[in-house]
Amino acid sequence: MFDPSTETIERDDFCSLAPIGWLHHKMQDSFFLVVGTHSCQGFLQTALGVMIFAKPRFATAVLDEDDLSGRDTLEAVQPLVEAIVAEHRPAAIFLGSTCTPEILKMNVAGCAKPLEALTGVRMYPCRLDGFDPAYTQGEDHVLAAMIERCPTTDAQNIVILGCLSAIEEAEMRLECAAMGLPEPAFLPAESALDLPPIGPNTVLAAVHPYLYGSVSYAQRERGCAIHQTVFPYGPDGTRAFFETLAAAFGKTISYAERERAAWTSCERDVAVLRGRSVSFVSDTLLELPLARTLRAAGMTVKAVGTPNIYRKFHARERAALEGIDVYERPDRFEMFARLDANRPDLVVANLNIANALEGQGFNVKWATELTFQPVHGFNGAPALLGMFAASMRRHDALARTRDRSQTAATPIDLSFFREPARA
Amino acid sequence: MKLAVWSYLSPAHVGATKAASSFNGVHTIVRAPKGDGYGTIMLAMFERLGVSPPLTISALTEATLAGDRADIGRMIADVDQRLHPEMIVITRSATASVLQEPLDGEIAMIPPGTIAAEIFQPSVHPLRDNEITAFAKTVAEIVDHFAQDGIARTPEPSVNIIGPALLGFHDHSNVVALRRLFADLGVRVNAVVPLGASPDQLRALGSAWLNVSTSRELALPTMQKLHSRFGTPFIEDVPYGEAGTTRFLRELSRLLELPSDRITAASREAKLLWYSRTVDAHALSGKRVGVFGMPSAVAGIARVLHDELDMHVEFAGTFSLDDGDWLREQLRDLTDDVLVTDDYQDVANKIDATRPDIMFGSQMERHSASRFGVPCAVISSPCHILNFPLGHAPFLGYEGANHIGDVVNQTQVLGLEHHLIETFGPRGQGRFAEAAPEGAAEPAAPVSTDLSWDETAEKLMGRIPFFVRKKARANVEKYAREQRIATIDESVVLAARQHVGG
C-alpha cells in the first residue's frame, strides 16, 4: 500500500453550499434556506446565479449585527420561514447552518422542530458550512438530515444513496431487477418527503465518494449494512458496484461481459485517452474513482490530489490505485511543482486554477461539471469518458492549429503579475 | 436577519481583495472560510488570468473552531518566500471577524527580519463597509502607505489614473483608451492605480500634476488623500461621451495649462456627435431610457443619452445608497425620477411600470428587462463574463463615446435575446433541467408508425431536458430500427444512450 502524504491547507476551494445547485433541482418541492452572511449569499449568487429568474427555491437569511450580538435565532428566522412558506409552498425546507452560526454556536438546528410545528412544513436542519474537506460534502449533510427522518424497517431492501438523474436511476432499477434483487429506493427522490425505510437489513449503497458522513450515520443509528465497494463510475467501477450488490444478497453474478460491452461502447473515446497521462488536482473527492477508471481506460495516472481520504469508505478505491502517488489535502505550491515535474498530458482541476494551468501550457479538464452530469453506471460511461476525451481532442486540435500556424496562444497580457516586484 | 437572493454589491472583503489584488507586487491573504474565497474564481475566470491570482485564502477549519490559532505567520512566511511580494495585505471576511482571532498578535510574533514583505491591514470593516467603500479605502490606504514625500513633479504635464482594477467594468479597454487620449494631448500617464501599479510607481505618485479617475466613487478617497498630501488637483467628472470628454479635457487643459488646440486634435477620433446628426440616428429622439448602475456610470451615460443622442431619461438610479444624493444632483436637469435602492426587485418593478424603449443597467437589469421585452445594454458592474470582451471596447474618452454609440445602435435592433428567452425559458440547464416552462413550445415528437413507445420509455424521455428531447428521441428510434426493436421501453432508451454515447 502507498502512504498518502498529507500536506497543508493552502489550496483553492469552493463552498459546501454548491450542492444546493443540484439538490434543489432534484427535489422539486424543496426550499433551501441558508442562515449565513452576505458572503454566503454572494457565493450562491455567483455559483448558482443563472437560476435566479425562476423564483429560485433557495435564499440566504443574512445575519445582521443584532443576530451577531445574540438575538434569539428562532425569533429572527421565523418570519423569514413564514414568508417562504407563503410564497413558495414548499413540501420541505432545508435549514442550512453555515460557518458563522457554527462559530457563534447559534442553534439553527434547534429552530427546526418549532418551525415545523408552527408551519406544518417539514424542516430538515443541516450543516452547510465550509469546514468540510470538500465542497461536495454539502450533499452529505443534507442526506444525513433526511436519513434521520426515514422510517425504520426490518425488511431486506436496497437504498441507493446520492443525488442521481432519472436516467441513472433507471439503470440502477433495471439492473437490480435483472439480478433478481429487490427494487431499490433512492435518496434523495424527486420529492423531499419521499423517504425510503432504512433498518438493520437495509443495504445502503452510496454512489458518490463524498457521502461518508451520511453512510456512517445510517450505520450507527440504523445498523444497516454498508455496501463496501468502489463507486459506479466507469465500466470497471460499475461492474464491481453491481457484483458486490448482488453478493450482499448471496448471489454470485459476473458482469465481466457487461463491462467488456461497456468498454466497447466507449472505444471511440478510450482510443483518444489510451497511452496519455493525467494528473488530478484536489477538488471534489471524485479524484480516486476517476483516476481508477481513467487508468483502466489505459491512461497513465501521474499523481492524484484529493481533499481527504476516508480510510474505510474509500478503501477499495485506494487499493485500486496502488502504486500511484496520492496526496491528501495537497499544498497548492507543492502541487504546481509536481505538475511541472510530471508534465501530464491532461490535468483535471477546479475552476480557480484551470486558467492558470492553461497559462502554464497544461491541458486542463475542469472537474466541477462531473458533479452534476449523468455519468454513473454502464450507461453513463460513454458520457464520462467522453468528457475527458472531448477535452483531449480539443486540446490536440488547437495544438495542431498553433503548430501549423506557428502561433503561440499567449495568455492575456497581465504580465505585471508574473514578475516579483522585488529581486 | 434579512432574506436575500441576489445583491448588487459583494461583501467588503471582496471589495478589498479586488483592490489589493490589482496592484503589482502586492499579495493578499484573506482569512475566511474557504467558500468566502469565491472572488478568486471570479478573478481567474472573468479576467482569464493565465496565472494564479495574487491571492491566498487562509481557510478557517474545524480545528480553528476547536481553538487552533490561525498560524497566519506560517502562511505569511510561505507567501513571502515563494512569491516575493513587496507587500502582503491581510484582510478578513465577516465570518472570520466574528471569530475575533488575535491576528495582530500572531503577526507581531513573527520574528523581526524574517519576512521581507511589508505586512499591511487595511481598515476595512467586514460588516459595515460594502464592496465600493472597502475598495476605495483599500486603494487609498495602500497608496498612502507607499507614496513618498519630497518627490519632484514630472518635467512634462502628467496624470495618475485612479480607479481601474481587476474585475472593473471594461477597465482594460478604458485604460488603453485614456492612455491614447493623453498621448494625443502630450500628457504623460504617471501611474494607473491600482491596476498594475508597482510599489515604485506608488512611491512616485506625488510627481503627477493631476489626478483623474474612471469612477468617482472608487477613486475619490485616493484623490483626496493625494490632494491633501501633495496638493495635487483632481477632476471628479469621468469622461463619458464626446461632449463629456471635451468638457473633461477642457478642465484638464485648464489645470495643466495646455494649449486648447490640442483638444481639437485629440477629438479627431470622436464620431458620436456626427453619428447623432446622421439620418440613421434621428429615430433616437425622444426614445425613453432608464439608466441604473454604479453612480459615475449612470451620471455619465444618462448625460450622453440625453445631451448627445437626444433621448429622454425616464428614470435613473443607483444601488450605491451612499451616492444617491450626489446622483440626484448630477441629474437634476435630466430627470426627477432617481431611484436609489439595493433591491433588484425595485428596479425590475420600475422597468415594468415605465417600460422604457431601452434600458441601460447592470447584468441584473439585463435579465429583468428581458422579462418585460425591454432591450437592455449593460453599462455598469455587476456584470457577467460577456462584459470582459476580448476586443477593445472602452466606455471612456472619445473612443468610449464611439463604443457607446455602437452599443445603443446594437441594443435597439437586437430583439433576438428576448426571442431566445421566450423560447427556452429561464430555467437552468444540466442534469436536472426541468420540463419546458409554461408557454414554451414543446418540440413535436416525430411521427413514427413502425415503432411504439411504452409508458416507461415515455416517462423517462419526459425527464430528459426538453431542448435535447427531440434529438434524443430520434437517436433512440434510429437505434431501435437498427436493432429491429418494435416496442421501445426504458431499457431500449438506456441501451440507445450507451450506444450513441453522451
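A short note on the side chain of D269 of chain A
Residue and element names in this part refer to chain A.
- Mapped onto the secondary structure, D269 falls in helix α12 (residues 267-273).
- Here R393 takes part through its side chain, which lies 2.9 Å from a polar atom of the side chain of D269.
- Ignoring sequence-local partners within four residues, the contact set of D269 consists of P382, L385, G386, A389 and R393.

Regarding the domain arrangement of chain A
Residue and element names in this part refer to chain A.
- Domain boundaries assigned for chain A yield domain 1 (20-131), domain 2 (157-252) and domain 3 (257-416).
- Domain 1 and domain 2 are separated by 29 Å when their C-alpha centres are compared.
- Contacts between the two partners involve 12 residues from domain 1, matched on the other side by 11 residues from domain 2.
- Both faces combined, the contact of domain 1 with domain 2 buries some 890 Å², and carbon together with sulfur accounts for 63% of it.
- Of all residues in domain 1, the largest losses of buried area upon contact with domain 2 belong to K26, M27 and D29, amounting jointly to 54% of the total for that side.

Focus on the interface of chain A and chain B
- Counting residues at the interface gives 102 residues for chain A, matched by 81 residues for chain B.
- Of the roughly 7900 Å² buried between chain A and chain B on both sides combined, carbon and sulfur atoms contribute 62%.
- Across the contact surface, chain A and chain B share 5 salt bridges.
- Where chain A packs against chain B, one counts 22 residue pairs in polar contact (both at pLDDT 80 or more).
- Looking at side-chain class alone, the side of chain A that touches chain B contains 54 nonpolar, 25 polar and 23 charged residues.
- The pairing of strand β3 (residues 58-62) of chain A with strand β1 (residues 2-4) of chain B spans 3 bridges and is antiparallel. Bridge assignment links T60 of chain A to a residue of β1 of chain B, and that residue is A4 of chain B.

A word on the sheet that holds strand β7 (residues 188-193) of chain B
Residues and elements named next belong to chain B.
- Strand order across the open sheet formed by 3 strands is β7-β6-β8, with parallel pairing between neighbours. Each of the sheet's edge strands pairs with one partner strand only, and the pair in question is β7 and β8 (210-213). The average undirected angle you get between the axes of adjacent strands in this sheet is 25°.
- Pairing of strand β6 (residues 158-162) with β8 involves 4 bridges; the strand directions are parallel. Paired with V159 across the strands is L210, a residue of β8.
- The strands that helix α8 (residues 171-185) touches are β6, β7 and β8; relative to β7, the one it contacts most, it runs at about 160°.

So, the side chain of H395 of chain A
- Within the secondary structure, H395 of chain A is located in helix α17 (residues 377-405).
- Excluding residues within four positions of it along the chain, H395 of chain A makes contact with L346, E358, N363 and V364 of chain A.

Examining helix α10 (residues 216-230) of chain B
Residue and element names in this part refer to chain B.
- Helix length check: α10, at 15 residues, gives a terminal C-alpha distance of 19 Å against a target of 21 Å (1.5 Å per residue), a fit within 8%.
- Within the span of α10, buried status applies to R216, E217, L218, A219, L220, T222, M223 and L226.
- Looking at the buried residues of α10, the elements they touch are α7 (131-146), β6, β8, α14 (295-308) and α15 (324-330).
- Taken from the residues just after α10, G231 is the one with a positive phi, measuring 70°.

What counts and how
- Counting of residues starts from 1 at the beginning of each chain's written sequence and follows it residue by residue.
- Here every chain gets a letter starting at A, and every ligand a number starting at 1, in the order they are written.
- The predicted origin of the model limits local features to residues at a pLDDT of at least 70 and limits the giving and counting of side-chain atom pairs to 80 or more, whereas totals for whole chains, interfaces and linings rest on all residues.
- The basis for every side-chain value is the complete set of non-hydrogen atoms in the structure, without hydrogens or water.
- Numbering of helices and strands runs from the N terminus, with a helix taken as a DSSP run of H or I at least four residues long and a strand as a DSSP run of E at least two residues long.
- Here a polar contact is taken to be a pair of N or O atoms separated by no more than 3.5 Å, where protein atoms must pair a possible hydrogen donor with a possible acceptor and residues adjacent in sequence count only if both atoms sit in side chains.
- Here, two residues are considered to be in contact whenever any of their heavy atoms come within 4.5 Å of each other.
- All the domain ranges listed were derived from an automatic or database domain assignment.
- By buried area we mean how much accessible surface two parts lose on assembly, using a 1.4 Å probe and totalling the loss over both.
- Salt-bridge detection follows one rule: a side-chain nitrogen of Lys or Arg within 4 Å of a carboxyl oxygen of Asp or Glu.
- Ten residues, namely Ala, Val, Leu, Ile, Met, Phe, Trp, Tyr, Cys and Pro, are considered nonpolar, four, namely Asp, Glu, Lys and Arg, are considered charged, and the remaining ones, Gly among them, are considered polar.
- One bridge is not enough; two strands pair if DSSP finds at least two bridges between them.
- Interaxial angles span 0 to 180 degrees and are taken between N-to-C directions of axes, which are lines fitted to C-alpha atoms, for helices over the stretch in contact.
- How far a helix is expected to stretch is found by multiplying one less than its residue total by 1.5 Å.
- Burial here depends on accessible area, computed with a 1.4 Å probe over protein chains only, as a share of the maximum for the residue type. Under 20% is buried, over 50% is exposed, and the range in between is partly exposed.

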